[in-house]
Amino acid sequence: MSEDHTTAARQSVLSMLWPMLIIAGMAINLRPTLTAIGPLLDDITATTGLGLQAASLLTVLPMLCMGIFALLLPWLGRLFSESVWITAGLVAIALASFWRLWLNDSGALIASALLAGTGIAIVQAILPGLVKRWYPQRVPLAMGGYSASLMAGGGIAAVISPLVANHQGHWQSGLGIWLIPALIALLLWWIRPRENLHISDNSVKINFFTNRRAWLLACYFGLANGGYACMIAWLPSYAQELGWSAQDSGELIGIMTIFQVIGALAAPALSAGRLDRRPWLFFAVGIQLVGFCGLMLAPELMLTSWVAMIGYGLGGCFALTLTVTLDHLSSPKLAGALTAFVQGVGFIVTAVIPYIAGALRQWSGSFQTSWLMVIVTLTFMFLVTITFSPSRYAKAMNLTAA
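Residues numbered from 1 in each chain as written. Predicted model: local features only at pLDDT ≥ 70, side-chain atom pairs only at ≥ 80, totals over all residues. Heavy atoms only, no water.

Right, let's talk about the packing of aromatic side chains for a bit. If you walk through the whole model with that rule in mind, you get 15 aromatic pairs. Ring geometry for F282 and F382: centres 5.1 Å apart, planes at 55 degrees, overall tilted. Of this pair, F282 sits in helix α12 (residues 278-297) while F382 sits in helix α15 (residues 368-384), and the two are 100 residues apart along the sequence. On the accessibility criterion, F282 (23% relative accessible area) is partly exposed. Ring geometry for F367 versus W371: centroids 6.0 Å apart, planes at 25 degrees, classification stacked. (Phe/Tyr/Trp six-rings, centres within 6.5 Å; stacked < 30°, edge-to-face > 60°. Helix = DSSP H or I, 4+ residues; strand = E, 2+ residues; numbered from the N terminus. Buried < 20%, exposed > 50% of the residue type's maximum accessible area, 1.4 Å probe, protein only.)

This is the structure we're talking about:
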């Protein structure tokens, strides 16, 4: 009997961890396309002649893709199955990485960013709903695992890409190496356990385009990711202006990511015992405010510490914002649709922020104005957080409406 009990326990643990391994494998592929660029930007611009504003498109275009596809998902999702869409998304990421192994001009590089962004958008729009369906009783912890994996992929890319580029002697290798995790994610998705997706959903249908809370959540999510987009786009350049090497500036992104992962895991875990996530959201936004103020006012003093604070706040904020979004609706199907809307509008907002930051840098000759812009957005977020009271979720989503 004891052997049977042990076997059953092992199978139970495997059944709980296996879906998270699949989720993590896909999530790791959602940021390297963005974060690998920053540490290699000087080499890329020297080879391709890409200007500062055009270089921001390498971050802006994937973010726009994330937003546009997520908004179109309710309609596009009817054309093919979830499995086909995720497979197509991972294939697009893999193809973009393969293309980057040999491209050599700015137009092709921007086009590869567009292709990768489309793939990222597809996978990213579907994954939160998948998390809620696979872990209905553990949504905060599962979202923490998803968020941590996503951020870990970005940080690992920022550190490894310049190492690979230096070893191989050209920056294309540093970007193309991310073909490998995309292929691994494809394999994990193909061998996943099959499930019955023919689940009837008689819940009330909601038009999120006319719902004020959906728009508020979307803008909040967009601003929360705006700070991250600015950091991955411009922190390496900022650090290099302060005398840091390309490798060291990439490691700064790695340090930020370590603390992002800690924040993404810790904040949902701490908030798992109660539905009101606001205390942890206040902390996540507040510590970012401190970090960005330090980044603007005293970068030479404690640059690594400011980056670590920002990373922790970004990680906690990303995971908690998606968790709060999922908390608004009990139906996995509707919660997934709301999350797709929030990511859709949110990533369009996010895409604009690093572009504005680059324009401010070019206009003022300093990144201080860019960091000031992020501080203003964080102050707005801090004030908005008070409105996310769980007792008002049903009314905010207008659940009595047909």
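Moving on, we come to the state of the cysteines. Taken as a whole and assessed by the stated rule, the structure comprises zero disulfides. Not engaged in a disulfide, the cysteine C65 finds its nearest cysteine sulfur in C230; these two sulfurs lie 18 Å apart. Residue class for C65 comes out buried when judged on its relative accessible area of 12%. C219 takes part in no disulfide bond, and the closest cysteine sulfur to it belongs to C317, at a distance of 14 Å. (Disulfide = S-S within 2.5 Å.)

What follows is about the confidence of the model for the protein chain. When the pLDDT values of the protein chain are averaged, the result is 84; 92% of them are 70 or greater. Every residue in residues 198-204 is under pLDDT 50, and counting partners more than four places away or in other chains gives nine contacts. (pLDDT = per-residue confidence, 0-100. Contact = heavy atoms within 4.5 Å.)

In this section: a nonpolar patch on the surface. A surface patch of nonpolar side chains, about 490 Å² in accessible area, is lined by I68, L72, W75, F209 and W215. Counting residues per element, the nonpolar patch draws most heavily on helix α4 (residues 52-76), which supplies three residues. Mapped onto the elements of the fold, W215 is located in helix α10 (residues 212-241). The class for W215 is partly exposed, based on a relative accessible area of 35%. (Patch = residues over 30% accessible without salt bridge, like charges linked within 9 Å, V, L, I, M, F, W, Y side chains within 5 Å. Areas by Shrake-Rupley, 256 points an atom, 1.4 Å probe, with all protein chains shown as cover. Salt bridge = Lys/Arg side-chain N within 4 Å of Asp/Glu carboxyl O.)

Our focus in this paragraph is empty space enclosed by the protein. Applying the stated criterion across every chain yields a total of three cavities of 30 Å³ or more. If you trace the largest cavity, you find it lined by N29, P32, T33, A36, I93, A96, S97, R100, A116, L175, W178 and P181. Of all elements in the fold, only α2 (32-35) and α5 (82-100) reach the threshold of two or more residues within the lining of the largest cavity. In terms of residue count, α5 provides more of the lining of the largest cavity than any other element does, four residues in total. Partitioned by chemical class, the residues of the lining of the largest cavity number eight nonpolar, three polar and one charged. (1 Å grid on protein atoms, 1.4 Å probe; cavity = no way out; pocket = protein on both sides within 12 Å on 5 of 7 lines; lining within 4 Å. Points joined across faces, edges and corners; volume = space filled by probe spheres on them. Nonpolar A, V, L, I, M, F, W, Y, C, P; charged D, E, K, R; others polar.)

Scanning all chains against the criterion turns up three salt bridges. A salt bridge links E82 to R133; its shortest N-O distance comes to 3.0 Å. Of the two residues, E82 is situated in helix α5 and R133 in helix α6 (residues 106-134); the sequence distance between them amounts to 51 residues. According to the relative accessible area criterion, E82 is partly exposed, its value standing at 21%. The closest approach of N and O atoms between D327 and R277, which form a salt bridge, is 2.8 Å.

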